[in-house]
There are 2 protein chains.
Amino acid sequence: MPIEAFSNQNCAIARTLAFLGERWTVLVLRELFLGRRRFEEMQEELGIASNVLSARLSTLREEGIVERHPYSTHPGRYEYRLTEKGRELQPVLLAMLAWGDRYKVDAPPIDTVHADCGHAMHAVPHCSRCGGELTTRNVRPRLGPGASAAQRAAEERRRAA
Amino acid sequence: MPIEAFSNQNCAIARTLAFLGERWTVLVLRELFLGRRRFEEMQEELGIASNVLSARLSTLREEGIVERHPYSTHPGRYEYRLTEKGRELQPVLLAMLAWGDRYKVDAPPIDTVHADCGHAMHAVPHCSRCGGELTTRNVRPRLGPGASAAQRAAEERRRAA
């Protein structure tokens with residue numbers, strides 16, 4: 001199944017994966033969050049073929065996650081900036097970073113500093129409604145307003161079982 | 001470049017991607033977080049070939065993210081449970097869900113409820129040190145203790161430029 005097919009599933013995670021799951025896309029986003037906006041900078045840092053980087057940036061532009069801005073007119077050169085939609089992916093990257101720092105590296109290659117308190121830190125998810133910390137014990141899924149008829153029927157069957 | 005090669009990069013995000021980026025892996029995790037622990041349940045829900053689901057569960061077991069527990073001995077049947085390392089991926093899925101709910105679906109197919117306050121909510125990243133909310137304006141990257149010599153040299157060049 002091609003990864004694009006995930007975009008047809010009625011699931012916000014699957015649809016997000018439909019493009020984040022493309023190899024390199026998250027690392028291109030990492031570069032943009034690190035402030036590397038020019039094609040050559042990103043290419044050098046990532047060690048990626050230019051056609052692959054072009055393709056990923058095109059997808060991100062089509063998705064409205066990245067915009068291209070001219071920084072030189074003679075010759076015409078562009079830099080890439082995250083849109084609001086793109087910047088709002090920061091929590092996804094911070095969550096991957098927090099987990100990876102704990103389980104995948106001996107010591108963090110990059111520290112994230114919270115400018116307001118000045119400390120190296122990691123992101124912890126909190127509730128948008130009450131501000132309390134979210135843990136695996138206090139988060140419960142339930143069918144939402146966008147659940148399909150099939151999803152509702154499956155839930156009924158599970159409850160009856 | 002095969003996705004496994006990301007695990008060689010000195011980057012916590014790249015190494016996390018090395019297995020999360022495998023197609024289906026995040027959706028298998030979604031199933032486990034939703035409490036679907038049996039092979040047949042997950043397979044039915046995901047509409048995935050059994051060899052693909054087997055392969056993803058094997059990788060997750062090798063990574064120490066999932067454990068297999070017997071729930072029947074005659075015949076021998078197993079269910080799959082998240083380990084602590086696996087449960088700690090919840091912030092990654094919650095972050096994808098929050099973004100996808102905003103940008104990828106008309107209405108959330110699944111609501112996440114914070115049991116402590118009882119409301120449907122989304123996850124917001126907060127600082128592990130001071131508890132303040134993290135935004136794209138108050139998070140700064142800097143070289144961490146695990147940065148390689150090459151990463152330090154590149155940072156020096158960027159500062160001098």
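Residues numbered from 1 in each chain as written. Chains lettered and ligands numbered in written order. Predicted model: local features only at pLDDT ≥ 70, side-chain atom pairs only at ≥ 80, totals over all residues. Heavy atoms only, no water.

Engineer: What is the right way to read the packing of helix H2 (residues 25-33) of chain A against helix H4 (residues 50-62) of chain A from this model?
Structural biologist: In helix packing, the relevant descriptors are the interaxial angle and the interaxial distance, both defined with respect to the helix axes. Residue and element names in this part refer to chain A. Their axes nearest at 10 Å, the elements H2 and H4 cross at an angle of 80 degrees. Judged by the angle between their axes, H2 and H4 are roughly perpendicular. Judged by residue contacts, Thr25, Val28 and Leu29 of H2 engage Leu53, Arg56, Leu57 and Leu60 from H4. The class makeup of the residues in the contact of H2 with H4 is five nonpolar, one polar and one charged. (Axes fitted to C-alpha atoms, helices over the stretch in contact; angles between N-to-C directions. Helix = DSSP H or I, 4+ residues; strand = E, 2+ residues; numbered from the N terminus. Parallel < 35°, antiparallel > 145°, perpendicular 65-115°, else oblique. Contact = heavy atoms within 4.5 Å. Nonpolar A, V, L, I, M, F, W, Y, C, P; charged D, E, K, R; others polar.)

Engineer: Hey, could you run me through the sheet that holds strand E3 (residues 110-114) of chain A in this one?
Structural biologist: Pairing within the open sheet is antiparallel, and its three strands lie in the order E4(A)-E3(A)-E6(B). Of all the strands in the sheet, the pair left with one neighbour each is strand E4 (119-121) of chain A together with strand E6 (139-143) of chain B. The average undirected angle you get between the axes of adjacent strands in this sheet is 45 degrees. Two elements, E3 of chain A and E6 of chain B, share five bridges in a ladder whose sense is antiparallel. Paired with Asp111 of chain A across the bridge in E6 of chain B is Arg142 of chain B. (Pairing = 2+ DSSP bridges.)

Engineer: How should the relation of the copies chain B and chain A be read in this particular structure?
Structural biologist: Both copies of the chain are related by a screw-like operation: a rotation about an axis and a shift along it. The operation relating chain B to chain A is a screw motion whose rotation component is 180 degrees, with 0.0 Å of axial translation and a residual RMSD of 0.0 Å. The symmetry that links the two subunits is that of a two-fold axis. In terms of proximity to the rotation axis, the leading residue of chain B is Pro125 of chain B, whose C-alpha is 2.3 Å off the axis. With an isologous cut-off of 70% or more, the 99% of interface residues of chain B that recur at the interface of chain A puts this contact in the isologous class. (Least-squares fit on C-alpha atoms with pLDDT ≥ 70 in both.)

Engineer: Mind showing me how you'd approach the packing of aromatic side chains here?
Structural biologist: Here the distance between the centres and the angle between the planes together describe a pair of aromatic rings. Within the structure shown, the criterion is met by four aromatic pairs over all chains. With a centroid separation of 5.2 Å and 45 degrees between ring planes, the pair formed by Trp99 of chain A and Tyr103 of chain A is classed as tilted. One end of the pair is Trp99 of chain A and the other is Tyr103 of chain A, both in helix H6 (residues 90-103) and four residues apart, which spans about a single turn. Classification of Trp99 of chain A as buried rests on a relative accessible area of 3%. Through a chain of ring-to-ring contacts, the aromatic side chains of Phe19 of chain A together with Trp99 and Tyr103 of chain B assemble into a single cluster. The ring of Tyr71 of chain A has Arg38 of chain A sitting right over it, with the charged end atom 3.5 Å from the ring centre. Between the NZ or CZ atom of Arg68 of chain B and the centre of the ring of Tyr78 of chain B, over which it lies, the distance is 3.9 Å. (Phe/Tyr/Trp six-rings, centres within 6.5 Å; stacked < 30°, edge-to-face > 60°. Buried < 20%, exposed > 50% of the residue type's maximum accessible area, 1.4 Å probe, protein only. Lys NZ or Arg CZ within 6 Å of the ring centre and 35° of its normal.)

Engineer: Could you clarify how one ought to interpret the pattern of salt bridges in this entry?
Structural biologist: Between side chains of opposite charge, pairing is possible as soon as their charged atoms come close. Within this structure, the stated rule accounts for 27 salt bridges over all chains. For the salt bridge of Arg36 of chain A with Glu31 of chain A, the shortest nitrogen-to-oxygen distance reads 2.8 Å. Both residues of the pair, Arg36 of chain A and Glu31 of chain A, count as buried. Two residues, Arg56 of chain B and Glu22 of chain B, come together in a salt bridge whose shortest N-O distance is 3.7 Å. Here Arg56 of chain B is found in helix H4 (residues 50-62), whereas its partner Glu22 of chain B is found in the loop between helix H1 (12-20) and helix H2 (25-33), with 34 residues between them in sequence. Among the residues examined, Arg56 of chain B registers a relative accessible area of 17% and is labelled buried. Among the residues examined, Glu22 of chain B registers a relative accessible area of 17% and is labelled buried. Connected through shared salt-bridge partners, Arg30, Glu31, Arg36 and Glu45 of chain A together with Glu155, Arg158 and Arg159 of chain B make up one network. (Salt bridge = Lys/Arg side-chain N within 4 Å of Asp/Glu carboxyl O.)

Engineer: Would you take a moment to explain the interface of chain B and chain A for this structure?
Structural biologist: By convention, interface size is frequently given as the accessible area that disappears when the constituent parts associate. In this complex, chain B contributes 91 residues to the contact, which on the side of chain A involves 90 residues. In total, chain B and chain A occlude about 8,200 Å² of area from one another, counting both sides; carbon and sulfur atoms represent 64% of this. The largest per-residue losses of area from chain B upon contact with chain A belong to Ile13, Arg23 and Trp99 of chain B, which jointly make up 9% of the total buried on that side. The interface formed by chain B and chain A holds nine salt bridges in total. With its nearest N and O atoms 2.7 Å apart, the salt bridge here joins Lys104 of chain B to Glu63 of chain A. Summed over the shared surface of chain B and chain A, the number is 34 residue pairs in polar contact (both at pLDDT 80 or more). Ranked by the residues each element gives to the side of chain B that touches chain A, the list is headed by helix H6 (residues 90-103) of chain B, at 13 residues. (Buried area = accessible area lost by both parts, 1.4 Å probe. Polar contact = N/O pair within 3.5 Å; in protein donor to acceptor, adjacent residues only side chain to side chain.)

Engineer: What is the right way to read unusual backbone geometry from this model?
Structural biologist: Trans is the common state for peptide bonds, and a negative phi is the common state for residues other than glycine. Residue and element names in this part refer to chain A. For the peptide bond that leads from His74 to Pro75, omega is 0 degrees, which places it in the cis range. Residue placement: Pro75 occurs in the loop between strand E1 (66-73) and strand E2 (76-82). Its identity as a non-glycine residue notwithstanding, Trp24 has a phi of 85 degrees, on the positive side. Tracing the backbone through its elements, the reader meets Trp24 in the loop between helix H1 (12-20) and H2.

Engineer: What is the right way to read the sheet that holds strand E4 (residues 119-121) of chain B from this model?
Structural biologist: Two orientations exist for strands paired in a sheet by backbone hydrogen bonds: parallel and antiparallel. Spatially, E6(A)-E3(B)-E4(B) is the arrangement adopted by the three strands of the open sheet, whose pairing is antiparallel. The open sheet is flanked by strand E6 (139-143) of chain A together with E4 of chain B, the only strands paired with a single partner. Each adjacent strand pair in this sheet contributes to an overall mean axis angle of 45 degrees, direction not counted.

Engineer: Could you clarify how one ought to interpret the environment of His119 of chain A in this entry?
Structural biologist: Structurally, His119 of chain A is set in strand E4. Dropping the residues within four chain positions of it, His119 of chain A is found in contact with Thr112, Val113 and His114 of chain A together with Arg129 of chain B. For His119 of chain A, the side chain forms a polar contact with the side chain of Arg129 of chain B, separated by 3.2 Å.

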